[in-house]
Amino acid sequence: MSFLEVKHLDVFYGDVQVIFDLSMHVDEGEVVSIIGGNGAGKSTLLKALSGLVPPRSGEILFQGRALHRAPPEEIVEEGIVHVPEGRRLFSLMSVKDNLIVGAYNRRADAVKDRTLGEVYELFPRLKEREAQMALTLSGGEQQMVAIGRGLMAKPRLLMLDEPSLGLAPILVKSIFDTLKKIAQAGTTVLLVEQDVKHSLSLSHRGYVLEHGRIVLEGPAADLLNDPHVKTAYLGL
Amino acid sequence: MLFLIEDAINGILMGSIYGLTALGLTVIFGVLKVINFAHGSLLMVSMYAAYWTVALTGWHPYLALVIVAPAMFVFGYYLQDIVIKPIFKAEQDVREPITVIIVTTGVWYILDNLTLLLFGPQYRTLQDNPLRGRMLEIGQMLISVPKLWGFAAAVLTASGLYLFFQKTRLGRAVRATSLDRQAASLMGINQYKVYNIAFGIGTATAGIAAVTLVPFYNVFPTVGVLFDIKGFIIVVLGGLGSIGGALLGGIIIGLIESVGPQFMTATWTEAIVYGLFLLVLFVKPSGLFGVRYDW
Ligand SMILES: Nc1ncnc2c1ncn2[C@@H]1O[C@H](COP(=O)(O)OP(=O)(O)OP(=O)(O)O)[C@@H](O)[C@H]1O
Ligand SMILES: [Mg+2]
């Protein structure tokens with residue numbers, strides 16, 4: 001039994017099916033990448049896992065628990081934490097309040113002061129800016145808050161949707177360095193990225209998603225050398 | 001000149017009570033993005049609750065607070081949970097669900113007519129009420145005592161709400177939900193429970209307002225309508241969703257109403273109130289104290 005086990009997942013928006021019979025798994029301690037082009041269904045898959053878009057059929061098992069019918073707040077309580085695409089910060093709240101809201105679930109609330117210290121250690125910049133409104137931060141700083149807010153929830157499985165989106169190359173590198181640190185500290189990570197090179201070099205394994213179906217999977221090193229991945233995603 | 005100061009003081013006091021009646025409206029709008037057209041009716045129901053509590057127990061009018069505020073919280077909580085939430089769920093992707101507004105209008109009609117049916121159209125005033133007509137004499141000025149207490153209640157309630165939203169775990173969750181309900185649910189916040197709580201809080205503040213009003217204001221089935229219209233003007237003036245704005249908006253209206261008649265006929269003061277309302281809508285739609293980036 002894997003840490004996260006997804007079986008035959010079908011996800012719809014109204015009548016439109018976006019994810020087709022998708023099965024995948026993540027083992028404890030792994031970093032797994034999901035790569036795919038625009039509209040492939042990567043964000044939808046994460047939304048199904050976090051309960052925002054409940055799947056029509058299929059199963060989601062996390063540490064043996066069935067979560068495919070659970071509401072988002074229950075899934076967070078179980079330890080699956082979703083850092084959404086586009087950061088989605090609470091714009092009119094301070095950096096610190098954004099982080100503290102991240103620790104809303106009961107498990108995280110009990111240790112939130114300690115976690116806040118750890119997040120500030122990881123992102124010293126956020127400590128300097130803690131009183132500033134999230135709205136007024138730069139893109140890179142906003143992404144730090146988004147990741148920090150995810151960490152505040154004490155994730156057992158951290159799911160990140162395109163954390164490098166829209167950032168300057170130097171910031172992309174620093175975000176990936178941070179993710180590496182987070183993974184090395186023992187958090188299991190499921191990473192959705194368009195920056196295939198960076199994300200696969202950080203990952204143990206990867207899945208390639210096209211039109212809502214997994215077309216390729218395997219160890220990250222193999223995917224990096226796969227001819228299809230090379231032409232379609234690495235531009236080689 | 002002394003008259004003017006006296007009028008201004010009484011206007012500020014009454015205005016703060018208007019602000020208190022509008023606080024719930026602004027809280028509910030801030031979180032649910034819905035104008036609650038039933039708010040005046042909830043104030044009316046609260047006034048009847050306060051009236052009957054005092055009439056039946058013979059308590060001091062302000063003691064009714066310990067019953068009315070919690071009872072109205074529960075009433076608002078379940079009104080949202082049972083009547084409004086299903087419609088919200090049906091319109092999940094809409095930012096300002098219009099059908100919810102229609103439902104609150106329905107609630108307004110039902111509550112007003114039910115009250116008419118149960119208690120009749122007559123005006124009711126508390127008998128043997130130690131506060132009615134009580135005046136504080138400062139030099140030659142007369143200040144209404146129940147309005148002074150109303151002012152204190154308004155300031156305390158607004159400060160309490162402000163601290164609740166800024167400093168508590170639940171208050172932060174309510175704020176987060178009001179800014180991005182989907183992101184809030186990713187933080188483990190149950191958005192529908194937050195809506196229930198916000199509605200409960202908004203209704204409880206109507207309960208506080210009612211307790212301060214009943215000692216000097218008549219109770220009748222359509223009393224809410226008067227405060228409803230003022231309430232809408234106040235929250236637009238002050239900025240929808242702004243707690244301090246509601247208080248200040250109320251005080252502005254109270255001042256215009258009390259000082260205005262010194263210089264013009266009372267109908268003109270109403271024209272000024274509406275004129276100011278329109279002016280703010282044109283010039284600064286987010287209200288005098290609202291935040292521009294969002295509601
Ligand atoms: N709320 C929605 N309602 C209807 N269709 C949607 C909705 N959100 C996404 N879709 C559709 O579902 C498909 C998959 O979208 P999704 O956002 O999951 O793709 P993605 O792989 O994350 O793409 P990107 O890399 O651009 O973020 C797209 O065709 C999109 O148009
Ligand atoms: Mg996406």
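By the naming in an unreviewed UniProt entry, chain B is Branched-chain amino acid transport system permease protein, taken from Desulfacinum infernum DSM 9756. Reading the Sequence similarities (unreviewed entry) entry of the UniProt record for chain B gives the comment "Belongs to the binding-protein-dependent transport system permease family. LivHM subfamily." UniProt, in the comment section headed Subcellular location (unreviewed entry), describes chain B in these words: "Cell membrane".

Under the annotation held in an unreviewed UniProt entry, chain A carries the name Branched-chain amino acid transport system ATP-binding protein and is attributed to Desulfacinum infernum DSM 9756. The Sequence similarities (unreviewed entry) comment attached to chain A in UniProt states, word for word, "Belongs to the ABC transporter superfamily."

1. Some points on the overall build of chain B
Helix and strand content of chain B: eleven helices and two strands. For chain B, the N- to C-terminal ordering of α and β elements is α-α-α-α-β-β-α-α-α-α-α-α-α. Expected size for 295 residues packed as a compact globule is a radius of gyration near 19 Å; at 19 Å, chain B falls within 12% of this value. Overall size of chain B, expressed as C-alpha extent along the three principal axes, is 60 × 45 × 35 Å. Per-residue burial for chain B yields a buried fraction of 55% across its 295 residues. Considering only intrachain contacts with a sequence separation of at least 6, the fraction spanning at least 24 residues in chain B is 77%. When the accessible surface of chain B is split by element, carbon and sulfur atoms take 69% of a total near 13,000 Å². One way to put it: in chain B the 17 positive side-chain charges average out to a point 10 Å from where the 14 negative ones average out.

2. Looking at the site of ligand 1
Residues and elements named next belong to chain A. In the vicinity of ligand 1, 13 residues are found, and the nearest of them are N38, K42, S43, T44 and Q194. Between Y13 and ligand 1, the recorded distance is 3.4 Å, taken from a side-chain N or O atom to a nitrogen atom. For ligand 1, an oxygen atom lies 3.2 Å from a polar atom in the backbone of A40. Considering ligand 1 on its own, with 640 Å² of exposed area, one finds that the protein chains cover 60% of that surface. The leading source of residues in the shell around ligand 1 is helix α1 (residues 42-50), at three residues. Each residue belonging to the shell around ligand 1 can be placed in one class, and the counts come to three nonpolar, seven polar and three charged.

3. Brief notes about the packing of helix α3 (residues 95-102) of chain A against helix α6 (residues 169-179) of chain B
Helix-helix packing is described using two parameters, namely the angle between the two axes and the distance between the axes. Here α3(A) crosses α6(B) at 105°, and the two axes come no closer than 10 Å. The angle between α3(A) and α6(B) falls in the class roughly perpendicular. Residues D97(A), I100(A) and V101(A) of α3(A) form the contact with α6(B), whose participating residues are R172(B), R175(B) and A176(B). Grouping the constituent residues of the contact of α3(A) with α6(B) by class yields three nonpolar, no polar and three charged.

4. Some details on the packing of helix α10 (residues 243-259) of chain B against helix α11 (residues 266-283) of chain B
Residues and elements named next belong to chain B. Close contact between α10 and α11 brings their axes to 9 Å; oriented N to C, the two are set at 155°. On the basis of their axis angle, the class for α10 and α11 is roughly antiparallel. The handedness of the crossing between α10 and α11 is right-handed. Two secondary-structure elements touch here, α10 through I252, I253 and I256 and α11 through T269, I272, V273 and L276.

5. A look at the pattern of salt bridges
All names here are of chain A. Applying the stated rule across the entire model yields 13 salt bridges over all chains. Across the pair R205 and E30 runs a salt bridge, and its minimum N-O distance is 2.6 Å. Of this pair, R205 sits in strand β9 (residues 205-210) while E30 sits in the loop between β2 (16-26) and β3 (31-35), placing them 175 residues apart in sequence. E30 gets classed as buried once you look at its relative accessible area, which sits at 10%. As a salt-bridge pair, E141 and R125 come within 2.6 Å of each other at their nearest N and O atoms. One end of the pair, E141, is in helix α7 (residues 139-152); the other, R125, is in helix α6 (residues 124-128), with 16 residues separating them in the sequence. According to the relative accessible area criterion, E141 is buried, its value standing at 4%.

6. Description of the side chain of S16(B)
Residue and element names in this part refer to chain B. Within the fold, S16 resides in helix α1 (residues 2-32). For S16, a relative accessible area of 0% puts it in the buried group. There is a polar contact of 2.6 Å between the side chain of S16 and the backbone oxygen of L13. Sequence-distant contacts of S16, that is, excluding residues within four places in its chain, are made with G150, F151, A154, L247 and I251.

7. So, the coordination of the magnesium ion (ligand 2)
Within the protein, the magnesium ion (ligand 2) binds to S43(A) (OG) and E85(A) (OE); these donor distances fall in the range 1.9 to 2.3 Å. With S43(A) in helix α1 and E85(A) in the loop between β6 (80-83) and α3, this residue pair connects regions lying 42 residues apart in the sequence.

8. Considerations on the confidence of the model for chain B
Residues and elements named next belong to chain B. For chain B, mean pLDDT is 90; residues scoring 70 or higher make up 97% of the total. For chain B, per-element mean pLDDT is lowest for strand β1 (residues 135-138), which scores 85, and highest for helix α8 (residues 191-213), which scores 96. Interface predicted TM-score (ipTM) for the complex: 0.93; the corresponding pTM is 0.91.

9. Digging into the interface of chain A and chain B
Between chain A and chain B, the residue contacts involve 22 residues of the former and 21 residues of the latter. For the chain A and chain B pair, buried surface summed over both sides reaches about 2,200 Å², with 66% attributable to carbon and sulfur atoms. On the chain A side of the contact with chain B, F90(A), L92(A) and Y104(A) bury the most area, a combined 30% of that side's loss. Taken together, the links from chain A to chain B amount to three salt bridges. With a closest N to O distance of 2.9 Å, D97(A) and R175(B) form a salt bridge.

The rules behind each value
- Residues numbered from 1 in each chain as written.
- Chains lettered and ligands numbered in written order.
- Predicted model: local features only at pLDDT ≥ 70, side-chain atom pairs only at ≥ 80, totals over all residues.
- Heavy atoms only, no water.
- UniProt positions renumbered as here; feature names shortened; annotations may be inferred.
- Helix = DSSP H or I, 4+ residues; strand = E, 2+ residues; numbered from the N terminus.
- Rg over C-alpha atoms; globule rule 2.2 N^0.38 Å.
- Buried < 20%, exposed > 50% of the residue type's maximum accessible area, 1.4 Å probe, protein only.
- Contact = heavy atoms within 4.5 Å.
- Areas by Shrake-Rupley, 256 points an atom, 1.4 Å probe, with all protein chains shown as cover.
- Lys, Arg positive; Asp, Glu negative; His and termini not counted.
- Charge placed at Lys NZ, Arg CZ, Asp CG, Glu CD.
- Near = heavy atom within 4 Å.
- Polar contact = N/O pair within 3.5 Å; in protein donor to acceptor, adjacent residues only side chain to side chain.
- Nonpolar A, V, L, I, M, F, W, Y, C, P; charged D, E, K, R; others polar.
- Axes fitted to C-alpha atoms, helices over the stretch in contact; angles between N-to-C directions.
- Parallel < 35°, antiparallel > 145°, perpendicular 65-115°, else oblique.
- Left-handed = near helix turned anticlockwise from the far one by under 90°.
- Salt bridge = Lys/Arg side-chain N within 4 Å of Asp/Glu carboxyl O.
- Donors = N, O, S within 2.8 Å, 3.2 Å for Na, K, Ca; no water.
- pLDDT = per-residue confidence, 0-100.
- Buried area = accessible area lost by both parts, 1.4 Å probe.

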